[in-house]
Amino acid sequence: MNRRPALPAVEALPSWVALAVASVGGVASALQSAANAELGERVGNASFGAVVNVLTGSAIVLVGLVVLPSMRHGLRALRHARLPWWAYLGGVGGGLFVTIAAYAVPVVGVAVFTIAQVTGNSLGGLAVDRAGLAPAGRLPLTAPRVGGALLGVAAVAIAQVDRPIGDLAVDMLALGVLGGVAVALQGAFNGRVSAASTTPAGTAVNFAGALPTVLIAASLLGVLTSGWSSHLPTEWYLYSGGTLGVVIVVCLLVSVRAVGVLRTGLSVVAGQLGGALLLDALIPGGPGASPALLAGAALTVAAVAVAGRGSRRPDRSP
């Protein structure tokens, strides 16, 4: 019977540190989604923000290849890592997520998109952890973990209670769920690459997969064939998506290796919601924070706590 190649032991990183790192990645994710969406709206094409995001992030990674020996050494180590081919596809999930967010965030707002993403990330995280795809090993379907995932799903419904049927934007919510699944797979696959090499190498592999994914999606959606705007916004923060993307990937790599995909994903939400609710309230013309949305956000935070109760050591048996 074929067995997966053994991965190096996960560093002895305290769970609370890993979860705090994931929360920082969540704040960066909320800011990234808002910046990319605003840039796309200003230019008149939603995919524009995703394209700028992946191009600037890839440029940062290229600089890293020049100045960081650990990145170059890690990439060389991958030649002997014997990882399955699918472990290198984490960047595809990241590319899909930033493209989806660029279209969905202007319609439903950062906070509602974040809660929809939780649904996909929770269910995807359960499946990924149960299958043992992440470096933390095979994690059982315990009652707290399943309960935390279900609370994430319930949060989506509650957040939409006070919206008229015509404003539900079911298609965008479905895209948000798909984006959450993509992020769960991204974290698991990139985590395997990082565990077999280095965190900088895992970041490089991520953007190597994200770049063609976003460019292909943009071509299909017309941003590369319909022309670039000659009146680009001058605000620097609208072009920060790539830098924030690098921060997000690094945070996911560090946290997934220690606590698994589900707890990482739900902890990312703790950071996302703080930034997302603030952005929705402060952005002129934004959807604001309704009582139902606040209730959905609170339920999502509860999901983080529930999923972490009674955590067991991962099963590393082959």
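How each quantity is defined
- Residues numbered from 1 in each chain as written.
- Predicted model: local features only at pLDDT ≥ 70, side-chain atom pairs only at ≥ 80, totals over all residues.
- Heavy atoms only, no water.
- Core = buried A, V, L, I, M, F, W, Y, C linked by side-chain atoms within 4.5 Å.
- Buried < 20%, exposed > 50% of the residue type's maximum accessible area, 1.4 Å probe, protein only.
- Helix = DSSP H or I, 4+ residues; strand = E, 2+ residues; numbered from the N terminus.
- Polar contact = N/O pair within 3.5 Å; in protein donor to acceptor, adjacent residues only side chain to side chain.
- Contact = heavy atoms within 4.5 Å.
- Expected span 1.5 Å × (residues − 1).
- Bend = angle between axes of the 7 residues up to and from the residue.
- UniProt positions renumbered as here; feature names shortened; annotations may be inferred.
- Axes fitted to C-alpha atoms, helices over the stretch in contact; angles between N-to-C directions.
- Parallel < 35°, antiparallel > 145°, perpendicular 65-115°, else oblique.
- Left-handed = near helix turned anticlockwise from the far one by under 90°.
- Nonpolar A, V, L, I, M, F, W, Y, C, P; charged D, E, K, R; others polar.
- Patch = residues over 30% accessible without salt bridge, like charges linked within 9 Å, V, L, I, M, F, W, Y side chains within 5 Å.
- Areas by Shrake-Rupley, 256 points an atom, 1.4 Å probe, with all protein chains shown as cover.
- Salt bridge = Lys/Arg side-chain N within 4 Å of Asp/Glu carboxyl O.
- Phe/Tyr/Trp six-rings, centres within 6.5 Å; stacked < 30°, edge-to-face > 60°.

The tendency in soluble globular proteins is for nonpolar side chains to be buried as a group. In terms of nonpolar packing, the biggest core is built from 37 residues, with Val108, Phe113, Val214 and Leu266 touching the most fellow members. Listing elements by their share of this core, those giving two or more residues are α2 (47–67), α4 (90–108), α5 (110–131), α6 (143–159), α7 (170–196), α8 (199–221), α10 (261–282) and α11 (291–307). Counting residues per element, this core draws most heavily on α4, which supplies eight residues. Counting 16 residues, the second-largest nonpolar core is a separate cluster that includes Trp86, Ala87, Val205 and Val256.

Position of Ser255 relative to the elements: it lies in helix α9 (residues 241–259). Take Ser255: its relative accessible area is 0%, and that puts it in the buried class. From its side chain, Ser255 meets the backbone oxygen of Ala18 in a polar contact 3.1 Å long. Not counting the four nearest positions on each side in its chain, Ser255 is found in contact with Ala18, Leu19, Ala22, Gly260 and Thr264.

With 19 residues, α4 extends 26 Å between its outermost C-alpha atoms, agreeing within 8% with the 27 Å of an ideal straight helix rising 1.5 Å per residue. The sharpest bend along α4 comes to roughly 30 degrees, located at Ala102, with the proline Pro106 sitting one to four residues further on. Just past α4, the residue Gly109 takes up positive phi, approximately 90 degrees.

In this section: the UniProt feature "transmembrane region" (unreviewed entry) in the protein. UniProt's feature table lists "transmembrane region" (unreviewed entry) at residues 46–68, 88–116, 172–189, 201–224, 236–254, 261–283 and 289–308, given in the numbering used throughout. Its end C-alpha atoms 26 Å apart, residues 172–189 is made of 100% helix and 0% strand.

Glancing now at the packing of α7 against α8. In the contact formed by α7 and α8, the axes pass within 8 Å of each other and the chain directions differ by 135 degrees. The orientation of α7 with respect to α8, classified from their angle, is oblique. The interaxial crossing formed by α7 with α8 has right-handed handedness. Residues Gln186, Asn190, Val193 and Ser194 of α7 form the contact with α8, whose participating residues are Thr199, Gly202, Val205 and Asn206. Here the contact of α7 with α8 is built from residues that sort into two nonpolar, six polar and no charged.

Among the surface-exposed residues, Val63, Val66, Val67 and Leu68 lie close enough to one another that they form a single nonpolar patch of about 360 Å² accessible area. One can find Val66 in helix α2. Note on Val66: relative accessible area 65%, which makes it exposed.

A few words now on the packing of aromatic side chains. Applying the stated criterion across every chain yields a total of two aromatic pairs. Taking the centre distance of 5.3 Å and the plane angle of 50 degrees together, the rings of Trp86 and Phe189 count as tilted. Residue Trp86 is found in the loop between α3 (69–77) and α4, and its partner Phe189 is found in helix α7; the two are separated by 103 residues along the sequence. Considered together, Trp86 and Phe189 belong to a single accessibility category, that of buried residues. Summarising the aromatic geometry, the rings of Trp236 and Tyr237 are spaced 6.0 Å apart at their centres and angled 85 degrees between planes, so their arrangement reads as edge-to-face. Assessed through its relative accessible area of 39%, Tyr237 is described here as partly exposed.

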